[in-house]
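Close look at the chain arrangement
Given next are the chains, with one letter for each unit.
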Amino acid sequence: ECGELAHDHGRTWRPASYAEITDPYSCFTDRGDRVAQEISDLWAELRARAGNPAGEDYIARGGRLNALRKQAEEIVLADLVLLPPEPGASDDDPDA
């Protein structure tokens, strides 16, 4: 999932960098694995920092943990996947 997102983003928004990749499958599979691990690690860190509030019920805990997971995803994706577009990149599908 993360590797596919990185692949699609790179192909559309960073075509010059994408063209330099000799083995896109391996590159984006590895990047996807790294991104997934970074998200997992950051999520664990955010959970540890937040602790477990006293009196929190099951629904509130689930909501809080989901919000922390989404926060970890946003941070990691912004740092490692959703890089700024290259000059001249367009949102046109290169395969169209």
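This section reports on the structure supplied with the text. Computed from a predicted structure; not experimentally measured.

Secondary structure summary: the protein contains four helices and zero strands in total. Tracing the protein from N to C terminus, the helices and strands come up as α-α-α-α. Over its C-alpha atoms the protein spans a radius of gyration of 17 Å, topping by over 25% the 12 Å that the globule rule assigns to 96 residues. The 96 residues of the protein split such that 24% are buried. Across the protein, every contact between residues at least 6 apart in sequence was considered, and the portion connecting residues at least 24 apart equals 74%.

Now for the nonpolar core. Val-35, Ile-39, Val-76 and Val-81 are the most contacted members of the largest nonpolar core, which totals 15 residues. Those elements that provide at least two residues to this core are helix 1 (2-13), helix 3 (24-50) and helix 4 (58-80). Per element, the largest residue contribution to this core is six residues, and it comes from helix 4.

So, about the packing of helix 1 against helix 3. Put simply, helix 1 and helix 3 touch, their axes get as near as 7 Å, and they point 120° apart. When the axes of helix 1 and helix 3 are compared, the pair comes out oblique. Seen from above, helix 1 lies across helix 3 with right-handed handedness. For the pair helix 1 and helix 3, the contacting residues are Cys-2, Gly-3, Ala-6 and His-7 in the first and Phe-28, Arg-31, Gly-32, Val-35, Ala-36 and Ile-39 in the second.

Attention now goes to the environment of Glu-1. Structurally, the position occupied by Glu-1 is in the segment before helix 1. Accessibility expressed as a relative area gives 85% for Glu-1, which makes it exposed. When the C-alpha atoms of Glu-1 and Glu-38 are compared, they prove to be 14 Å apart, with 37 residues separating the residues in sequence.

Conventions adopted
- Residues numbered from 1 in each chain as written.
- Predicted model: local features only at pLDDT ≥ 70, side-chain atom pairs only at ≥ 80, totals over all residues.
- Heavy atoms only, no water.
- Helix = DSSP H or I, 4+ residues; strand = E, 2+ residues; numbered from the N terminus.
- Rg over C-alpha atoms; globule rule 2.2 N^0.38 Å.
- Buried < 20%, exposed > 50% of the residue type's maximum accessible area, 1.4 Å probe, protein only.
- Contact = heavy atoms within 4.5 Å.
- Core = buried A, V, L, I, M, F, W, Y, C linked by side-chain atoms within 4.5 Å.
- Axes fitted to C-alpha atoms, helices over the stretch in contact; angles between N-to-C directions.
- Parallel < 35°, antiparallel > 145°, perpendicular 65-115°, else oblique.
- Left-handed = near helix turned anticlockwise from the far one by under 90°.

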